[in-house]
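Summary of the model geometry
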Amino acid sequence: MSGLREIAEAMGLSAVPAAPGEVLVECTEAEFKDAVAGLAERGFLSDLFATATDDGHRLTAVFSTIGDPGWLRLQARLAGETYSAVTPAVHGASWYEREIAEVFGLIPHGHPALLPVRLHGGEPAKFGRRRRSRAGMESIEELNETAPIQGQGVFQLPLGPVRSGPQESAHFLFTSGGEDLVMVRPWLGYKHRAVEEMAIGRQADSALILAERLAGTSTFANGIAFAQAVERAGEVEVSDEARRARALLAEMERLHSHFASLAKVADSTGLTVAAAQYNLLREEALQGCAALTGHRYLRGILAIGGLAGPVAAGGLRELSGSVVRWRRRSRGLEELLEGTATFVDRLETTAILASEYAHEHYLVGPVGRASGVDRDSRRDHPYAGYPELEFQVLAKSQGDALARVRVLLFEVGEALSLVEQLLCAEFVAGVAAQPSLKAGSALGWAEAPGGETLHLVDLDSSGRISRWRARPPAAVNWHVYSHACASGNNLTDYPVIEASFALSVAEFDR
Amino acid sequence: MVQLDASLLTPELAIAAAGVCPTDAITVNGDRTEGSLLFEAGQCVMCARCVRAAPDAFHLVSEPEVAVRSPASLRTRVGWKGGKADRSGRSADLETGDAPQPAEEERRLVDELHVRAMRIFNRSLHIRHVDAGSCNGCEAELQMLATPSYDLARLGLFFTPTPRHADCLVVTGIVTQQMEAALVETYEAMPNPKLVVAAGVCALGGGCFAGSPRRTRPLDRILPVDVYVPGCPPTPLALLHGLLLATGRAEERYRASGTGR
């Protein structure tokens with residue numbers, strides 16, 4: 001296995017110095033497309049975005065590979081407003097390029113379907129009615145008109161953005177031929193808050209508040225990914241105690257988030273008792289978080305350089321007892337679920353996401369791992385306290401809802417074991433002093449409950465943020481949702497499909 | 001929730017707390033010798049930085065009954081002159097032209113009338129929720145209400161999928177450009193009489209997204225808000241308190257300025 005630097009050199013690209021663990025490659029606009037295609041073939045395309053500069057724009061593509069804990073950043077300066085699209089060669093780049101076009105007005109020439117991803121046009125969104133598209137971009141309606149889905153008895157059913165129950169706002173256009181789910185087009189962006197844009201010009205610790213509120217259920221993962229990017233860019237040391245505490249809290253977040261996902265899956269199959277049991281576990285995990293940090297979703301405990309305050313000793317004592325109980329109960333529930341034929345039958349072969357397709361889109365998290373994409377940034381790019389911890393990563397090849405649920409069940413067990421390992425470790429209050437930040441640019445990452453979240457932070461000489469790019473897991477995984485829904489399912493499978501993907505809308509919309 | 005203990009606030013602590021507040025929930029006007037502090041709990045994202053910077057004056061209160069009917073209860077101002085704090089806590093409201101507090105008797109009558117009017121919803125309130133642009137923290141806590149730990153149905157509260165059956169609209173998140181139309185249409189589809197509960201600081205003052213370029217207007221300029229539930233996110237018990245307060249089945253307790261426990 002070769003490292004990222006060797007891969008780049010073999011392709012005739014020369015690396016320049018960058019933040020530790022990162023390989024930075026500069027190329028020209030003309031070379032960019034082929035370089036991305038070549039690197040994406042040899043590794044994973046982890047992100048693709050644009051940055052406004054004094055003299056135009058800069059395109060950045062980020063790559064990783066198994067066997068190298070670092071990252072490769074490919075950058076090209078763009079003088080004009082157009083460039084040749086990467087998507088025809090690398091399909092996983094499609095939504096990234098649509099976002100670049102939408103936010104920066106840079107048009108990727110040759111993109112097969114240049115639709116908006118989050119912005120619905122000049123007018124406020126009115127569901128079920130026509131909207132105008134942004135200049136140079138098609139609208140969803142235009143796509144429906146140019147590529148309509150036709151057949152006997154085919155009808156369309158809009159759902160959202162206001163949906164049943166307390167759920168996030170998103171719009172789904174179902175195309176059905178009676179029972180069959182022919183196509184589901186998710187239309188997101190209703191919740192777009194321009195979080196990344198709001199951070200520009202702020203001090204890093206002020207922007208941390210925004211990173212923690214990218215999504216409530218992945219507060220801590222996005223918080224540490226952002227904090228690590230700032231610490232790496234600004235050359236701030238983090239103590240071992242703080243690193244361990246961060247790993248502990250990140251696993252607590254995985255627990256409450258996975259319990260919630262499992263409760264939703266159980267509920268979608270009509271198992272209300274199992275759903276109630278998982279929700280009880282979720283509530284206990286949230287109370288555990290509150291006992292450790294004072295906040296149920298772990299907000300406010302993180303600081304640039306470590307933690308803002310000590311992890312409560314009382315909470316830690318309580319946790320050592322809770323972990324044992326949680327393990328016993330979640331094991332019992334797992335056995336009951338696996339032994340319930342109606343549950344297993346409902347999930348098996350539902351919404352299959354083929355392994356090749358998952359690889360082509362560089363999927364992350366439990367959704368990717370259930371389709372054979374064996375990646376986990378805790379293992380592949382160790383951070384926080386993870387280098388000294390023992391854990392397994394499960395990847396399955398079936399790619400159906402059952403595989404996704406089994407990955408979640410397995411990860412609950414691993415998270416409990418990680419919490420137990422960390423409770424044995426030494427915990428001295430890892431309170432951060434206000435660090436002084438140097439100018440720089442670096443990546444930060446973490447394995448959120450939904451998968452790898454990758455942040456890039458550029459700091460200027462006064463320690464303020466000049467660019468923050470957040471690429472949470474939902475930004476990758478929503479891309480394949482429509483495809484998985486269209487793999488021979490019924491309309492009634494839809495709740496199961498949505499629950500098994502457990503994709504966050506807030507993370508995508510940002 | 002964070003609460004300010006006005007009796008222990010010094011100009012130094014006020015300036016320290018305002019310096020660390022990331023959402024301008026705590027702002028200071030003037031300087032050490034003469035000035036005032038304004039604390040808006042409806043903007044507080046519970047980051048607890050003020051509690052760490054000025055632990056004497058700001059503390060976290062764990063009481064769940066934090067929902068209020070008037071945003072004035074979430075706002076407090078403390079002034080000082082010659083380096084000495086004005087202990088009264090909310091005296092400066094009048095100075096700055098904020099709406100004066102209704103007289104005690106008037107307030108009592110308004111409350112009583114409200115309770116009577118809300119009796120129509122007593123023991124059966126159907127709730128429709130709209131996420132107008134949240135981080136999904138508020139949704140996660142709203143979902144907890146339907147779980148055995150909180151079980152809102154035992155209180156006669158129910159989530160309903162359709163606004164046509166709803167008595168109460170719970171709104172979370174800043175109102176984004178792309179959600180305002182859907183929010184207003186949902187409200188208009190609800191039959192009268194109807195209640196609106198703003199849940200979470202994004203729906204109150206905007207929290208850390210108050211300045212978002214995608215935010216249209218504060219929620220209470222779009223819809224008539226009956227109850228405000230602060231928190232980032234509000235806990236399930238705070239949400240329950242908000243719903244019970246809306247129907248006149250609970251009392252308003254929280255004040256941005258208090259002596260804590």
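Predicted, not measured: the structure shown is a model, and the values here were computed from it.

So, on to the overall build of chain A. Along chain A, the regular secondary structure elements total 19 helices and 16 strands. With the C-alpha coordinates of chain A rotated into their principal frame, the extents come out at 60 × 60 × 45 Å. Here chain A holds 510 residues, and 56% of them are scored as buried.

If you tally the helices and strands in chain B, you get eight helices and eleven strands. Taken over C-alpha atoms, the radius of gyration comes to 19 Å for chain B, in line with the 18 Å a tight globule of 261 residues would show. Looking at chain B as a whole, 54% of its 261 residues qualify as buried. Across chain B, every contact between residues at least 6 apart in sequence was considered, and the portion connecting residues at least 24 apart equals 79%.

All names here are of chain B. With domains assigned, chain B is organised as domain 1 (2-95) and domain 2 (104-246). Each of domain 1 and domain 2 was reduced to a C-alpha centroid, and the two centroids are 26 Å apart. Domain 1 puts 17 residues into the contact, and the matching count from domain 2 is 19 residues. Grouping the constituent residues of the side of domain 1 that touches domain 2 by class yields eleven nonpolar, three polar and three charged.

Where the parts come together, the accessible area they lose is often given as the size of the interface. Tallying the contact residues gives 45 residues for chain A and 44 residues for chain B. At the level of secondary structure, the elements contributing two or more residues to the side of chain A that touches chain B comprise α5 (195-199), α6 (204-212), α9 (272-293) and α19 (505-509) of chain A. Its residues assigned to classes, the side of chain A that touches chain B comprises 20 nonpolar, 16 polar and nine charged.

It is worth spelling out the sheet that holds strand β10 (residues 195-199) of chain B at this point. Residue and element names in this part refer to chain B. Across the sheet, five strands lie side by side as β8-β7-β9-β10-β11; this open sheet has parallel pairing. The open sheet has two edge strands with one neighbour each: β8 (157-159) and β11 (227-229). Put simply, the sheet's adjacent strands are angled 25° from each other on average, direction ignored. Inspection of the sheet shows strand β9 (residues 168-172) paired to β10 by five bridges, in the parallel sense. By the bridge assignment, V170 is partnered in β10 with V197. Here helix α5 (residues 137-145) sits on the sheet in contact with β7 (125-131), β9 and β10, set at roughly 140° to β9.

Now for the sheet that holds strand β2 (residues 22-27) of chain A. All names here are of chain A. Pairing in this open sheet of five strands is mixed, and the strands run β1-β2-β5-β4-β3 from one edge to the other. In the strand order of this sheet, the two ends are held by β1 (15-16) and β3 (44-53), each with one partner. Set on the sheet, helix α2 (residues 29-42) makes contact with β2, β3, β4 (56-65) and β5 (68-78); between it and β5 the angle comes to about 160°. The sheet contacts of helix α3 (residues 94-104) involve β3 and β4, and relative to β3 the element is tilted by about 10°.

Residues and elements named next belong to chain A. Taking 1.5 Å of rise per residue, the 14 residues of α2 would be expected to cover 20 Å, and the 21 Å separating its terminal C-alpha atoms lies within 8% of that figure. Here α2 has its buried residues at F32, K33, A35, V36, G38, L39 and A40. Packing partners of the buried residues in α2 comprise α1 (4-10), β2, β3, β4, β5 and β6 (82-84).

Moving on, we get to helix α18 (residues 494-501) of chain A. Residue and element names in this part refer to chain A. Most of α18 sits out of view: seven of its eight residues are buried. Taken together, the buried positions of α18 are Y494, V496, I497, E498, A499, S500 and F501. Looking one or two residues beyond α18, the residue adopting positive phi is A502, at roughly 45°.

What follows covers unusual backbone geometry. Residue P193 of chain B follows N192 of chain B across a cis peptide bond; omega there is -5°. If you trace the backbone, P193 of chain B turns up in the loop between α6 (180-189) and β10. Following C232 of chain B, the chain continues to P233 of chain B via a peptide bond in cis, the omega torsion being -10°. You can see P233 of chain B is positioned in the loop between β11 and α8 (236-246). The residue E235 of chain A is not glycine, and still its phi comes out positive at about 55°. By the secondary structure assignment, E235 of chain A is in the loop between α7 (219-234) and α8 (240-268). Backbone geometry places A384 of chain A, a non-glycine residue, at a positive phi of 40°.

All names here are of chain A. The domain boundaries assigned to chain A delineate domain 1 (4-109) and domain 2 (196-505). Here domain 1 and domain 2 have C-alpha centroids that lie 26 Å from each other. Counting from both sides, the interface comprises 16 residues of domain 1 and, opposite them, 18 residues of domain 2. Elements with a minimum of two residues in the side of domain 1 that touches domain 2: β3, β4 and β5. Of the residues forming the side of domain 1 that touches domain 2, the biggest block, six residues, is contributed by β3. Looking at side-chain class alone, the side of domain 1 that touches domain 2 contains nine nonpolar, five polar and two charged residues.

With that out of the way, let us pick up the confidence of the model for chain A. All names here are of chain A. Of all residues in chain A, 93% have pLDDT values of 70 or greater, and the mean over the chain is 86. Averaged pLDDT values over the elements of chain A bottom out at 55 in helix α4 (residues 140-146) and peak at 94 in α9. Within the model, pLDDT remains below 50 along residues 122-137, and this stretch shows 39 contacts once partners closer than five positions in the same chain are excluded.

Let us look at the environment of Y481 of chain A. Residue and element names in this part refer to chain A. In this fold, Y481 is placed in helix α17 (residues 481-485). What makes Y481 buried here is the crowd of 22 C-beta atoms within 10 Å. Between the C-alpha atoms of Y481 and A351, which are 130 residues apart in sequence, the distance is 9.0 Å. If near-sequence neighbours (up to four positions away) are discounted, Y481 is found in contact with P186, F501 and L503.

In this section: the environment of A384 of chain A. All names here are of chain A. Take A384: it is sitting in the loop between α14 (377-380) and α15 (401-424). When the C-alpha atoms of A384 and D509 are compared, they prove to be 27 Å apart, with 125 residues separating the residues in sequence. If sequence neighbours within four positions are ignored, A384 has contacts with I224, R243, R246, A247 and A250.

Here we take up the packing of helix α10 (residues 313-338) of chain A against α15 of chain A. Residue and element names in this part refer to chain A. Two elements in contact, α10 and α15, have axes whose closest approach is 10 Å; the angle formed by their N-to-C orientations is 160°. Relative to α15, α10 is oriented roughly antiparallel. Judged by the twist between their axes, the crossing of α10 over α15 is left-handed. Facing L316, L319, S320, V323, W326, R327, S330 and E334 of α10, the residues of α15 in contact are L409, V412, L416, V419, E420 and L423.

About the thresholds
Residues numbered from 1 in each chain as written. Chains lettered and ligands numbered in written order. Predicted model: local features only at pLDDT ≥ 70, side-chain atom pairs only at ≥ 80, totals over all residues. Helix = DSSP H or I, 4+ residues; strand = E, 2+ residues; numbered from the N terminus. Buried ≥ 20, exposed ≤ 12 C-beta atoms within 10 Å, placed from the backbone. Rg over C-alpha atoms; globule rule 2.2 N^0.38 Å. Contact = placed C-beta atoms within 7 Å. Domains from an automatic or database assignment. Nonpolar A, V, L, I, M, F, W, Y, C, P; charged D, E, K, R; others polar. Pairing = 2+ DSSP bridges. Axes fitted to C-alpha atoms, helices over the stretch in contact; angles between N-to-C directions. Expected span 1.5 Å × (residues − 1). pLDDT = per-residue confidence, 0-100. Parallel < 35°, antiparallel > 145°, perpendicular 65-115°, else oblique. Left-handed = near helix turned anticlockwise from the far one by under 90°.

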